[in-house]
Amino acid sequence: MGVLGEMVAAFWTYPFLRHALLAGLIAGFVAPLIGAFVVVRRLSIIADALAHVMLAGVALGYLLGATYPALSRFPVVGYGTAVALIAALLIERLRTTYRSYSELAIPIIMSTGIGLSIVLIGLARGINVDLIGLLFGNILSVTAGDVLRIAALALVVVGTVALFYKELLFLSFDEEAARVSGVPHRALNFIFSALIALVISVAMQVVGTLLISALITLPVAAALRLAKSFRVLMLLSIVFAETSVLVGLTASYAFDLATGGSIVLVAAGILLAVLAAERLRLGHRRRAGALRRRPIGVERGSASARPDEAGRSEECGRSAPPSPAPAKRISAQRLR
Amino acid sequence: MGALFEKERVLEAENITFRYEAEPVLNHVSLTLHRGELLGLVGPNGSGKSTLLKIILGLLPLQEGSVRWFGTPIERFRDWGRIGYVSQKAASFNTGFPATVEEVVRMGLTARLGLFRRPGRREAEKVLEALDFVGMADVRHRHIGALSGGQQQRVFIARALVGDPDVLILDEPTVGVDARSEERFYALLEKLHRERDLSIILVSHDLGVVSEKMDTIACLNHELFYHGSAAGFRAEREAIVGRTYGHGMAILSHGHASEALRAGAREEGRA
């Protein structure tokens, strides 16, 4: 029993721990859910930038709340979400303005957002702003009201993904063909940005603005090595993220560590373990001479995830377009 | 051949002129496609083929001219499920994308289903049927990136076919595919034509094969240099190629557009 028994007892006794656990589990569900789309659309950096910009919105919320007490009834995270949404639109605009330097949009928005946050937080001096909590998360400060708010936002995220799943997947895979099929790409891309902003606001208290993109991308990065289908990718990502939340929270309680950091470190540990297991398996296969040709259709019916990249390229004998296998082999070698 | 042109007009593009910034890409180009017609759109690299496709597919705005699908102006056309499209990107997609063959083909039902409707059992059957048609049903649970280039191409054709389109548009489908797969591809096209009476636009810079396999040919190099029957094209091939590609160009060379020799009059080879 030991730590775990003590942990369960503590959750039973202290409401703040229960709230922390619930908030963590909710964030651990929606972050990788959106993360799966974010990663395959190569938008990981944008999620990070939006999380930083959100800080400016939150600071604005604190400042307005302090100046006009009537406004303090709105949650500061609401301001953060609004500012992140505006930033998402600006990024899209800037990407078309700097067509041949489209990645420039992200540092422009991100540094402006951080600059704005610093100035606003400076102005709010004297107001009780938990800056460290905003940056690194303060899951133990989550109240029952926060849990309800987070749960409501998470429901919106899950519902929207369920509604537009086939359109979002099509847009992520082949935007041009999706547009020809009449998928309303502009509206959906905006909705998608809004979902990222919502997820960030859900995860902000749990891991903090600096670590949100870790919760969005790390579990997906691990799942990407194993999943052959998009559904499996989402499922595995969520399993990895929830494991990170549970183990990270327990570890932070047992060893008195920072919670957000612990959760992210566990997620990074899972990713390392997946990569290491992949390499071991690869080495084992090589030694066993398992790289001989297998006829197509052998894996029929196995929707389960199997990291058999090395076998794949050999069996299909594909000629012109570069297959993903060599790159993967190189990355596996790098781990040696 | 003559009977072909009395059939319903599926696509009418008229007088399309398009420029990127100041640079003219298309100059008064008109194109017609009839039901059951196999049209080969050929021209050198950079001749505006892909731009023309993007305009008729509504991916680029119409600057001048008009496009009608099944008689409806493109501005009001909503029935995109009738058009199956295999983009050039299909040959260069992100092979690391975690999707099975089945998931990729299911995407092709998006237009038919419309918003808010999810694929059910009937859709699963359609997916299997389309995969069966292109001979890829056996690998439906495999990762799309694990297939060979030729197999991937057939999966993308299945994706375009799964919504039962009336028109199939293929942009450079045989690029990056080995000779055997190319043969299979043309056999598949013939089967589609025979069994489903599909109208097909095939974009290619490979004049040789296209002029043998298609009913009609359109030769494009910023403007249209020939639009008519493949037989007519073969009869005057040297002259048309000379005008389109610039004189002195070998027939099958994949050169870039020659700006100097675009003086040739637009040829109407239609019956």
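Residues numbered from 1 in each chain as written. Chains lettered and ligands numbered in written order. Predicted model: local features only at pLDDT ≥ 70, side-chain atom pairs only at ≥ 80, totals over all residues.

A. Here's a closer look at the pairing of strand 8 (residues 199-204) of chain B. All names here are of chain B. Of all the six residues making up strand 8, six are buried; the element is thus mostly covered by neighbouring parts of the structure. With burial as the criterion, each face of strand 8 is covered, one bearing Ser199, Ile201 and Val203 and the other bearing Ile200, Leu202 and Ser204. Where strand 3 (residues 38-42) meets strand 8, five bridges bridge the pair, whose relative direction is parallel. Residue pairing in the sheet places Leu41 in a bridge with Val203 of strand 8. As judged from the five bridges shared by strand 7 (residues 167-171) and strand 8, these two strands associate in the parallel manner. (Buried ≥ 20, exposed ≤ 12 C-beta atoms within 10 Å, placed from the backbone. Helix = DSSP H or I, 4+ residues; strand = E, 2+ residues; numbered from the N terminus. Pairing = 2+ DSSP bridges.)

B. Structural context of the sheet that holds strand 2 (residues 23-34) of chain B. Residue and element names in this part refer to chain B. Taking strand neighbours across the sheet as the criterion, the four strands line up as 2-1-4-5 in an open arrangement whose pairing is antiparallel. On the outer flanks of this sheet lie strand 2 and strand 5 (72-73), each paired with one strand and no other. In this sheet, strand 4 (residues 64-69) lies alongside strand 1 (residues 9-20) in antiparallel orientation, the contact comprising five bridges. Pairing of Glu14 across the sheet is with Ser66, part of strand 4. Each of strand 1, strand 2 and strand 4 is contacted by helix 1 (residues 49-56), which is oriented at about 120° to strand 1, the strand it contacts most. (Contact = placed C-beta atoms within 7 Å. Axes fitted to C-alpha atoms, helices over the stretch in contact; angles between N-to-C directions.)

C. A look at the sheet that holds strand 9 (residues 216-221) of chain B. Residues and elements named next belong to chain B. The sheet built from six strands is open, its strands ordered 6-7-8-3-9-10 with mixed pairing. With partners counted over all chains shown, the strands left at the sheet margins are strand 6 (83-86) and strand 10 (223-229), one partner each. Neighbouring strand axes in the sheet, compared pairwise and without regard to direction, differ in orientation by 15° on average. Docked against the sheet, helix 1 engages strand 3, strand 7, strand 8 and strand 9, running at close to 150° with respect to strand 7.

D. Highlighting the packing of helix 4 (residues 76-97) of chain A against helix 5 (residues 105-123) of chain A. All names here are of chain A. Close contact between helix 4 and helix 5 brings their axes to 9 Å; oriented N to C, the two are set at 145°. By crossing handedness, the relation of helix 4 to helix 5 is classed as right-handed. Contact with helix 4, carried on its side by Ala87, Leu90, Ile91, Leu94 and Arg95, involves Ala105, Ile106, Ile108, Ile109 and Gly113 of helix 5 and no other residues of that element. Broken down by class, the residue content of the contact of helix 4 with helix 5 amounts to eight nonpolar, one polar and one charged. (Left-handed = near helix turned anticlockwise from the far one by under 90°. Nonpolar A, V, L, I, M, F, W, Y, C, P; charged D, E, K, R; others polar.)

E. Just the confidence of the model for chain B, in detail. Residue and element names in this part refer to chain B. Per-chain confidence: chain B averages 81 in pLDDT, with 87% of residues scoring 70 or above. Counted against residues more than four places away or in other chains, residues 248-271, with its pLDDT under 50, gives 47 contacts. Interface confidence for the predicted complex, given as ipTM, is 0.81, next to a pTM of 0.80. (pLDDT = per-residue confidence, 0-100.)

F. Up close: the environment of Gln205 of chain A. Residue and element names in this part refer to chain A. In this fold, Gln205 is placed in helix 10 (residues 185-207). Residue classification places Gln205 among the buried residues on the basis of 27 C-beta atoms within 10 Å. Considering only alpha carbons, one finds Gln205 and Arg231, 26 residues apart in sequence, at a separation of 28 Å.

G. The pairing of strand 10 of chain B, seen in detail. Residue and element names in this part refer to chain B. Most of strand 10 is tucked away: seven of the seven residues are buried. Relative to strand 10, strand 9 runs antiparallel, the two sharing six bridges. Looking at strand 10, one finds that Asn221 is bridged to Glu223. Counted between consecutive antiparallel strands, the loop separating strand 9 from strand 10 contains one residue, among which His222 sits at a positive phi close to 70°.

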